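Descriptive structure summary
Below are the chains, spelled out letter by letter.
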Protein chains: 4
Amino acid sequence: MHNSPIRSVLDALHECILACEHCATSCLQEEDVKMMARCIQTDRDCADVCRLTLTLLARGSAHGKHLLRECIEVCEVCATECSKHEHAHCQQCAEACRRCAEACRSVTV
Amino acid sequence: MHNSPIRSVLDALHECILACEHCATSCLQEEDVKMMARCIQTDRDCADVCRLTLTLLARGSAHGKHLLRECIEVCEVCATECSKHEHAHCQQCAEACRRCAEACRSVTV
Amino acid sequence: MHNSPIRSVLDALHECILACEHCATSCLQEEDVKMMARCIQTDRDCADVCRLTLTLLARGSAHGKHLLRECIEVCEVCATECSKHEHAHCQQCAEACRRCAEACRSVTV
Amino acid sequence: MHNSPIRSVLDALHECILACEHCATSCLQEEDVKMMARCIQTDRDCADVCRLTLTLLARGSAHGKHLLRECIEVCEVCATECSKHEHAHCQQCAEACRRCAEACRSVTV
């Protein structure tokens, strides 16, 4: 249905959305929520930007390519923030964001 | 474009989304974020459920009516949670959620 | 990150979203678009309802379970409509919708 | 809750989303759907891009400003396409898209 280079971007976006939604919820349940406030905020934005990017790419929209650039930036911001925290959900999210940024970059050239 | 009973539901949903997004962000900046964790969580869900309800109603989808019921419930849960907190953003959000639930209820009968 | 029964629902929702977005775009490029109008409409609704269901389940929201019921219904409506058309994208979408409904049903009991 | 320059952008985005969703549905019910295929496609993209822009601005996200640029472009593409068709829903949508692009532009400088 979707050709392979785009397909792996779609899957990386899916993983990133799952990781961000899970990380935000888990951060809200941590003992020190205050320390996680910025992480929750970047998770929210990253999940939403990835969601639109995935949608536009899946439908073959001309605007999908434009969103990719913004998506890469948001993923990198989120990866940087998440990687500061020791929690497993933060480390996993940082990794998913980094892979997603990389996957997006691979189709923007 | 949209006839008037639905139009006021669409506007109430818009207000509710704005209030929930703003409340979540403001809660994350409060001194005692931990106390706001449940509020942030219900704001997130309420904004997203309202967003889909608005979308389906705006396009005249048969599924819009089904979402209304769930939307009313989520708005009431969010209103109850927000009304527990003194912050202006929480009180305003509780009010927007209550009005949204009421507007949704007015078109479900 | 997400435990396995939910994980397969999340993946089935992802496949269903991809299939619906792709089917809607492809229908719009068919010779006889008029015949595809209902298919495009159900694809739009199905993609959006699956998107919210995926979001709520990924974040472990209490409202995710409620959306599952609506999601099953929308997926079945979309599968029925898509299966009426010979186009490969319609047949693939019907299949993805059926699998998604089944996956959602497996976690609602 | 939201200060006035941003508030009018949020409302213009809301109007634009309503107009795009309504226009897409109405186009699908026109006699000559084939002639409306591009209009439906731009309506879909415009509604989704406006939806994310509205979400990010409502939550005061740093990424809201970035989306504005993309949003202006998508609104202009959609306005141009819609203005080619005589249908009332297309003319109204073209107008809503133009006003939305203008509102977005007013806060990007």
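Numbers given for residues are sequential positions, taken from 1 along each chain in its written order. To label them, take the chains in the order written and letter them from A, then take the ligands in the order written and number them from 1. Only residues with pLDDT of at least 70 are given local features in this predicted model, and only at 80 or more are side-chain atom pairs given and counted; all residues enter the totals for whole chains, interfaces and linings. Just so you know, side-chain values use all the structure's heavy atoms and leave hydrogens and water out.

**So, the interface of chain A and chain C**
Rule in force here: The criterion used for residue contact is that any of the two residues' heavy atoms lie within 4.5 Å. Joining two parts hides part of their accessible area as seen by a 1.4 Å probe, and the buried area is that hidden amount summed over both. When a carboxyl oxygen of Asp or Glu is within 4 Å of a side-chain nitrogen of Lys or Arg, the pair counts as a salt bridge. Polar contacts, as used here, are pairs of N or O atoms within 3.5 Å; protein pairs need one atom able to donate a hydrogen and one able to accept it. Residues neighboring in sequence count only if both atoms are side-chain atoms. Under the scheme used here, helices are H or I runs from DSSP no shorter than 4 residues and strands are E runs no shorter than 2 residues, and both carry numbers assigned from the N terminus. Classification used: nonpolar for Ala, Val, Leu, Ile, Met, Phe, Trp, Tyr, Cys and Pro, charged for Asp, Glu, Lys and Arg, polar for all others including Gly.
Listed as interface residues are 18 residues of chain A and, on the opposing side, 18 residues of chain C. Taken over both partners, the interface formed by chain A and chain C buries close to 1800 Å², and the fraction arising from carbon and sulfur atoms is 59%. Measuring nitrogen to oxygen at the nearest pair gives 2.9 Å for the salt bridge that ties C:Arg59 to A:Glu21. Applying the counting rule to chain A against chain C returns ten residue pairs in polar contact (both at pLDDT 80 or more). The set of elements that each furnish at least two residues to the side of chain A that touches chain C consists of helix H1 (4–28) and helix H2 (37–58) of chain A. Each residue belonging to the side of chain A that touches chain C can be placed in one class, and the counts come to six nonpolar, six polar and six charged.

**Brief notes about helix H3 (residues 64–82) of chain C**
Note the cut-off: By this rule the span expected of a helix is its residue count minus one, scaled by 1.5 Å. The buried label applies to any residue whose accessible area, calculated with a 1.4 Å probe on protein chains only, is under 20% of its type's maximum; exposed applies above 50%, and partly exposed to all values in between.
The first and last C-alpha atoms of H3(C) sit 26 Å apart over 19 residues, in line with the 27 Å expected at 1.5 Å per residue. Taken together, the buried positions of H3(C) are occupied by C:Gly64, C:Leu67, C:Leu68, C:Glu70, C:Cys71, C:Ile72, C:Val74, C:Cys75, C:Cys78, C:Ala79, C:Glu81 and C:Cys82.

**Topic: the interface of chain A and chain D**
In this assembly, 17 residues from chain A lie in contact with 17 residues from chain D. Around 1500 Å² of area is buried between chain A and chain D when both sides are counted, 55% of it from carbon and sulfur atoms. Connecting chain A to chain D are four salt bridges. The salt bridge partner of A:Arg59 is D:Asp48, with a shortest N-O separation of 2.6 Å. The interface formed by chain A and chain D contains twelve residue pairs in polar contact (both at pLDDT 80 or more). Considering every element that reaches the side of chain A that touches chain D, the biggest residue donor is H2(A), with eight residues.

**So, the state of the cysteines**
Put plainly, a disulfide is one covalent bond tying together the sulfur atoms of two cysteines. Let me state the cut-off plainly: Here, a disulfide means two cysteine sulfur atoms that sit within 2.5 Å of each other.
The final tally for this structure, using the stated rule, is zero disulfides over all chains. No disulfide involves A:Cys46; its sulfur sits 3.8 Å from that of A:Cys20, the nearest cysteine. Note on A:Cys46: relative accessible area 0%, which makes it buried. Not engaged in a disulfide, the cysteine B:Cys97 finds its nearest cysteine sulfur in B:Cys16; these two sulfurs lie 3.8 Å apart. Look at B:Cys97 and you get buried, because its relative accessible area is 0%.

**A closer look at the side chain of C:His85**
Residue and element names in this part refer to chain C. Along the chain, His85 turns up in the loop between H3 and helix H4 (88–106). For His85, a relative accessible area of 7% corresponds to the buried category. Contact partners of His85, with chain neighbours within four places excluded, come to Met35, Met36, Cys39, Cys90 and Gln91.

**Details of the relation of the copies chain A and chain D**
For the record, the criterion: Overlaid copies result from least-squares superposition on C-alpha atoms, with residues included only where pLDDT is at least 70 in both.
Under the fitted operation, chain A is carried onto chain D by 0.0 Å of movement along the axis and a turn of 180 degrees, and the coordinates agree to an RMSD of 0.0 Å. Interpreted geometrically, this transformation is the action of a two-fold axis. In terms of C-alpha distance to the rotation axis, chain A has A:Leu52 as its closest residue, with the C-alpha 3.6 Å off the axis.

**Concerning the side chain of D:His63**
Mapped onto the fold, D:His63 is located in the loop between helix H2 (37–58) and helix H3 (64–82). A residue is classified by how much of its surface remains accessible, and D:His63, at 8% relative accessible area, is buried. Excluding anything up to four places from it in sequence, D:His63 contacts A:Asp45, A:Glu70, A:Glu73, A:Val74, A:Val77 and D:Leu56.

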